Amino acid sequence: MTIKPLIILPDPLLREISRPVETVDAALLKLADDMLETMYDAPGIGLAAVQIGVPRRLLVIDVAREDEPKSPQVFINPQIVKSSDERSVYEEGCLSIPDYYAEVERPATVTVKHIGRDGKEHLIEADGLLATCLQHEIDHLNGVLFIDYISRLKREMVIRKFTKASKGKAV
Ligand code: K1U
Ligand code: ZN
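In this report, we go over the structure that sits alongside the text.

Parameters and conventions
Residues numbered from 1 in each chain as written. Chains lettered and ligands numbered in written order. Predicted model: local features only at pLDDT ≥ 70, side-chain atom pairs only at ≥ 80, totals over all residues. Heavy atoms only, no water. Helix = DSSP H or I, 4+ residues; strand = E, 2+ residues; numbered from the N terminus. Expected span 1.5 Å × (residues − 1). Buried < 20%, exposed > 50% of the residue type's maximum accessible area, 1.4 Å probe, protein only. Polar contact = N/O pair within 3.5 Å; in protein donor to acceptor, adjacent residues only side chain to side chain. Contact = heavy atoms within 4.5 Å. Pairing = 2+ DSSP bridges. Axes fitted to C-alpha atoms, helices over the stretch in contact; angles between N-to-C directions. Donors = N, O, S within 2.8 Å, 3.2 Å for Na, K, Ca; no water. Phe/Tyr/Trp six-rings, centres within 6.5 Å; stacked < 30°, edge-to-face > 60°. Lys NZ or Arg CZ within 6 Å of the ring centre and 35° of its normal.

## Description of helix H2 (residues 128-141)
Here is step 1: Over its 14 residues, H2 extends 21 Å from the first C-alpha to the last, a length consistent with the 20 Å expected when each residue adds 1.5 Å.
Here is step 2: Of all 14 residues that make up H2, 12 are buried, and the element is covered over most of its length.
Here is step 3: Those residues of H2 that fall on the buried side of the exposure criterion are Leu130, Ala131, Thr132, Cys133, Leu134, Gln135, His136, Glu137, Ile138, Asp139, His140 and Leu141.
Here is step 4: With its phi angle positive at about 75°, glycine 143 sits one or two positions after the end of H2.

Now the structure itself:
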């Protein structure tokens, strides 16, 4: 397994719509394993393939607490098929926007259809942190970032800060 470099704001790749995965083969499963390794190293609780520069509809998640055994999950071509009216608020972060956190309100429960690493279709009903994380990661597949849910003023400040930092590094 390989730890891959993370794509950071304002990289335009983060605004691309990821293409569906066509075949679940050894190469795709190796990509999922590299994503898990990268996510654990960061550390994070989720990662979309586009965050390591691969705009495919693939994401990995592990919301197990530190005192629990690892529980890696792979979601291929995930789709939200049902969302609750009930909402929940969570302070989110993003590995592509390091050290910035903001409260985001989302549906508290989602049902997600996806293909698993076994190549078969699955349906999962998620609540709590898993529901929040699934929605954050599926947003990545559609070029949406959690800063899109905060005020325009705050979002522009964050983008300006990261744009400035990226120019500083480019020289
Ligand atoms: O997609 C990402 O950028 C990963 C992101 C996922 C996420 C976090 C919070 C709410 C929704 C989705 C992260 O993992 S940020 C890092 C983080 O939250 C974390 C890191 C270490 C321990 C616990 C959490
Ligand atoms: Zn993110």
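## A word on the side chain of glutamine 135
Here is step 1: Mapped onto the secondary structure, glutamine 135 falls in helix H2.
Here is step 2: Take glutamine 135: its relative accessible area is 7%, and that puts it in the buried class.
Here is step 3: In terms of polar contacts, glutamine 135 uses its side chain to reach the backbone carbonyl oxygen of alanine 131, at 3.0 Å.
Here is step 4: The residues contacting glutamine 135, other than those within four sequence positions of it, are Ile80, Arg106, Pro107 and Val110.

## Brief notes about the sheet that holds strand S6 (residues 110-115)
Here is step 1: If you walk across this open sheet you meet the five strands as S1-S2-S3-S6-S7, and the pairing is antiparallel. In this open sheet, the two strands that pair with only one neighbour each are strand S1 (46-48) and strand S7 (121-126). The average angle at which neighbouring strand axes cross in this sheet is 40°, direction not considered.
Here is step 2: As defined by bridge partners, S1 adjoins strand S2 (residues 58-61) across three bridges and the pair is classed as antiparallel. By the bridge assignment, glycine 46 is partnered in S2 with isoleucine 61.
Here is step 3: Packed onto the sheet, helix H1 (residues 26-41) meets S1, S2 and strand S3 (73-83) and runs at close to 40° relative to S2.

## Section: the coordination of the zinc ion (ligand 2)
Here is step 1: Note on the zinc ion (ligand 2): its protein donors are Cys94 (SG), His136 (NE2) and His140 (NE2). The metal-donor distances range over 2.0 to 2.3 Å.
Here is step 2: When the donor residues of the zinc ion (ligand 2) are listed from N- to C-terminus, their spacing reads C-x41-H-x3-H. Here histidine 136 lies in helix H2 and cysteine 94 lies in the loop between strand S4 (87-92) and strand S5 (102-107), a separation of 42 residues in the sequence.
Here is step 3: Owing to a relative accessible area of 8%, histidine 136 belongs among the buried residues under this scheme.

## Quick word on the packing of aromatic side chains
Here is step 1: If you walk through the whole model with that rule in mind, you get one aromatic pair.
Here is step 2: Seen from their ring centres, tyrosine 100 and phenylalanine 146 are 6.2 Å apart, and the 35° between their planes marks the pair as tilted. Note that tyrosine 100 is positioned in the loop between S4 and S5 and phenylalanine 146 in the loop between H2 and helix H3 (152-170), a separation of 46 residues in sequence. Of the two residues examined, tyrosine 100 and phenylalanine 146, each falls in the buried class.
Here is step 3: For the cation-ring pair, lysine 70 lies above tyrosine 40, with the distance from its terminal atom to the ring centre recorded as 4.1 Å.

## A closer look at the environment of tyrosine 149
Here is step 1: Relative to the assigned elements, tyrosine 149 resides in the loop between H2 and H3.
Here is step 2: It is 9.7 Å that separates the C-alpha atoms of tyrosine 149 and arginine 106, two residues lying 43 residues apart in sequence.
Here is step 3: If near-sequence neighbours (up to four positions away) are discounted, tyrosine 149 is found in contact with Val104, Arg106, Asp139 and Val144.

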